[in-house]
Amino acid sequence: HRRFDYRPKTDPYCQARYTFCPTGSPVPIMKEEDVIEVYRLQAPVWEFKYGDLLGHLKIMHDAVGFKSSLTGKNYTMEWYELFQLGNCTFPHLRPGMDAPFWCNQGAACFYEGIDDAHWKENGTLVHVTTISGTMFNEMAKWVKHDNETGIYYETWTVQASPDKESIVWFDSYECSKFILRTYQKLADLGAVFRKVQTNYTSIILFSGEPIYLGNETSIFGPVGNKTLAAAVRDFYSPFKPYRTVGEFVVDLFKIIDRIIFKRQFYLFYNLEYWFLPMKFPYLKIVYEEFPLPVRSKTSFDV
């Protein structure tokens, strides 16, 4: 996943149904001698609206919590889409614009408090390690850099097959990956993690070797490939927001036809387009273990 030099301003066209990080606050500077408990937080996606519905499909959202022993204050840190999952996964086809328009930025959100009921009722709230104030402050510097350079949400993992040793053509970049990076940073700083099983959700597409198509300019620009541009736009058209049940059913059949019967998928990744020759089983949601990291040998002491 590509890193960028800066985060671009978002276009006013991109609108979220729910405000991103509504109670967000600056990351505090902890006293060096503070002892801070770190918690693994996980709950079904959109649990606040649908309860455990998506939890039954193991579609989970991840976060990390902190509790300061000196102040007694709790904090939550997570990373998610600025404009909801649909906007990050598929583009808008705007009138008068040849290229698909993406609202796919993601970012870190930090706020005071841990909503125990939210994480415990249908998910997980478990203590995984303890760190010092110094380690927390170093982690905070890393979060700032990570957030400024890793700016685009990516829903899909793309693999060659369901086998565990399968080639991964493209890796996702979403909430769980941020939490895994955070845990690894803490381990590098000296955190010793407890033996706790940690599983995360991945939405996987299965494809033969991807074919590079180009970027927005080379495909949709003045001297672009008009045939390819039309094919890309046609592929994305059934994924538009739906107004009626009838529209949804018609577009669902189009999606099934293109992905399963025609074995086609157009992926937008690192601001470039790729063609995926789809393979059985086409798509799978997995909930698999990624163990907590082992402490680095060249790390600070807690």
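Residues numbered from 1 in each chain as written. Predicted model: local features only at pLDDT ≥ 70, side-chain atom pairs only at ≥ 80, totals over all residues. Heavy atoms only, no water.

- Per an unreviewed UniProt entry, the protein chain carries the name Bis(monoacylglycero)phosphate synthase CLN5 and comes from Geococcyx californianus.
- On record in UniProt, under Sequence similarities (unreviewed entry), the comment for the protein chain is "Belongs to the CLN5 family." (UniProt positions renumbered as here; feature names shortened; annotations may be inferred.)

**Examining the state of the cysteines**
Phase 1 of the analysis: Applying the stated criterion across every chain, the model contains 2 disulfides.
Phase 2 of the analysis: Paired by a disulfide, C14 and C103 hold their sulfur atoms 2.1 Å apart. Classification of the bridge connecting C14 and C103 rests on its S-S torsion, roughly -85 degrees, and on that basis the disulfide is left-handed. Of this pair, C14 sits in the segment before β1 (35–44) while C103 sits in the loop between α2 (84–89) and β4 (106–112), placing them 89 residues apart in sequence.
Phase 3 of the analysis: Across the disulfide, C21 is cross-linked to C109 (sulfur-sulfur distance 2.0 Å). Across the S-S bond of C21 and C109 the torsion is about 80 degrees, and the bridge reads as right-handed. Of this pair, C21 sits in the segment before β1 while C109 sits in strand β4, and the two are 88 residues apart along the sequence.
Phase 4 of the analysis: Using a relative accessible area of 15% as the deciding quantity, one classes C21 as buried.
Phase 5 of the analysis: Residue classification places C109 among the buried positions, given a relative accessible area of 2%.
Phase 6 of the analysis: Look at the protein chain and number its bonded cysteines as they come in the sequence; the links are 1-3, 2-4. (Disulfide = S-S within 2.5 Å. Helix = DSSP H or I, 4+ residues; strand = E, 2+ residues; numbered from the N terminus. Buried < 20%, exposed > 50% of the residue type's maximum accessible area, 1.4 Å probe, protein only.)

**Structural notes on the pairing of strand β11 (residues 272–289)**
Phase 1 of the analysis: Where strand β8 (residues 199–207) lies against β11, 8 bridges are found, and the strand directions are antiparallel. The partner of Y200 across the bridge, within β11, is E288.
Phase 2 of the analysis: With 4 bridges joining them, strand β9 (residues 211–215) and β11 adopt antiparallel strand pairing. The residue bridging N215 from the neighbouring strand is E272, located in β11.
Phase 3 of the analysis: Two elements, strand β10 (residues 264–269) and β11, share 6 bridges in a ladder whose sense is antiparallel. When the bridges of β11 are listed, Y269 appears paired with E272.
Phase 4 of the analysis: Where β10 hands over to β11, the hairpin turn is made up of 2 residues, of which N270 adopts a positive phi near 55 degrees. (Pairing = 2+ DSSP bridges.)

**Quick word on helix α7 (residues 226–236)**
Phase 1 of the analysis: Every buried residue of α7 is listed here: L228, A229, V232, F235 and Y236. Considered in projection along α7, the buried side chains sweep an arc of 130 degrees and stay on one side of the axis. In α7, the exposed positions that point more than 90 degrees away from the buried face belong to K226 and T227.
Phase 2 of the analysis: Those residues of α7 that are buried are in contact with β9, α6 (216–220), α8 (245–261), β10 and β11.
Phase 3 of the analysis: One side-chain oxygen of the residue at the start of α7 lies 3.2 Å from the amide nitrogen of T227, identifying that residue as N225. (Arc of directions from axis to C-beta. Contact = heavy atoms within 4.5 Å. Polar contact = N/O pair within 3.5 Å; in protein donor to acceptor, adjacent residues only side chain to side chain.)

**A word on the pairing of β8**
Consecutive side chains of a regular strand alternate in pointing toward one face of the sheet and then the other.
Phase 1 of the analysis: Across the 9 residues of β8, 9 count as buried, placing the element largely inside the fold.
Phase 2 of the analysis: Here β8 shows two buried faces, one formed by N199, T201, I203, L205 and S207 and the other by Y200, S202, I204 and F206.
Phase 3 of the analysis: Alignment of strand β6 (residues 156–159) against β8, held across 4 bridges, turns out to be parallel. Paired with V158 across the two strands is L205, which belongs to β8.

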